[in-house]
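Residues per chain are reported as follows:
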Amino acid sequence: VQLQASGGGLVRAWGSLRLSCAASGRTLVGYALGWFRQTPGKDREFVASITWPGGTTTYTDSVKGRFTSSRDNGKKTVYLQMNSLKPEDTAVYFCAAKYRGNGLDNQRVDYDYWGQGTLVTVSS
């Protein structure tokens, strides 16, 4: 599975962005998709995940109520809608895929495939 993340950019605090993660090469049938983020000098941290075909979403506490993960299986694309953005959300965001993920997969090592990152910068 090849993943391509996009949609990052510069936004002011309290603004919104929608990230996309498009798959190519093969279908996403059976794959849970996760979003992680990383800032310089820190480990990549879990942000959100969505199971196949989309019944279960999981979020880290700091983004609950602000971020929403969804997927369009026909388009082989997963989205992360980010609202009420804060400067501390600034990071490079990565999408990742795990076969038969169950919504409890929040560790980097849990995932099989990774996309390149997309930078999100939130100004105060």
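Let us look at the structure shown here. (Residues numbered from 1 in each chain as written. Predicted model: local features only at pLDDT ≥ 70, side-chain atom pairs only at ≥ 80, totals over all residues. Heavy atoms only, no water.)

## Examining the pattern of salt bridges
Thought 1: Enumeration according to the criterion identifies four salt bridges in this entry.
Thought 2: For Arg37, the salt bridge identified is with Glu45, shortest N-O distance 2.7 Å.
Thought 3: The class for Arg37 is buried, based on a relative accessible area of 6%.
Thought 4: Its relative accessible area of 35% is what places Glu45 among the partly exposed residues.
Thought 5: Of the charged contacts, one joins Lys64 and Asp61 as a salt bridge, the two residues approaching to 3.0 Å between their closest N and O atoms.
Thought 6: Taken together, the shared-partner salt bridges in this structure form one network comprising Arg37, Glu45, Arg66 and Asp89. (Salt bridge = Lys/Arg side-chain N within 4 Å of Asp/Glu carboxyl O. Buried < 20%, exposed > 50% of the residue type's maximum accessible area, 1.4 Å probe, protein only.)

## Quick look at the packing of aromatic side chains
Thought 1: Overall, the coordinates contain six aromatic pairs when judged by the stated rule.
Thought 2: Judged by centre distance (5.7 Å) and plane angle (80 degrees), the rings of Phe36 and Phe46 are edge-to-face. Of this pair, Phe36 sits in strand β4 (residues 31-38) while Phe46 sits in strand β5 (residues 45-50), and the two are ten residues apart along the sequence.
Thought 3: Given a relative accessible area of 0%, Phe36 falls into the buried group.
Thought 4: Judged by relative accessible area, which is 10%, Phe46 ranks as buried.
Thought 5: Between Arg44 and the ring centre of Phe94, over which it is positioned, the NZ or CZ distance is 3.6 Å.
Thought 6: In this structure, Arg108 is placed above the aromatic ring of Trp114, and the distance from its NZ or CZ to the ring centre is 5.9 Å. (Phe/Tyr/Trp six-rings, centres within 6.5 Å; stacked < 30°, edge-to-face > 60°. Helix = DSSP H or I, 4+ residues; strand = E, 2+ residues; numbered from the N terminus. Lys NZ or Arg CZ within 6 Å of the ring centre and 35° of its normal.)

Purely spatial values, then, with no claim about function.
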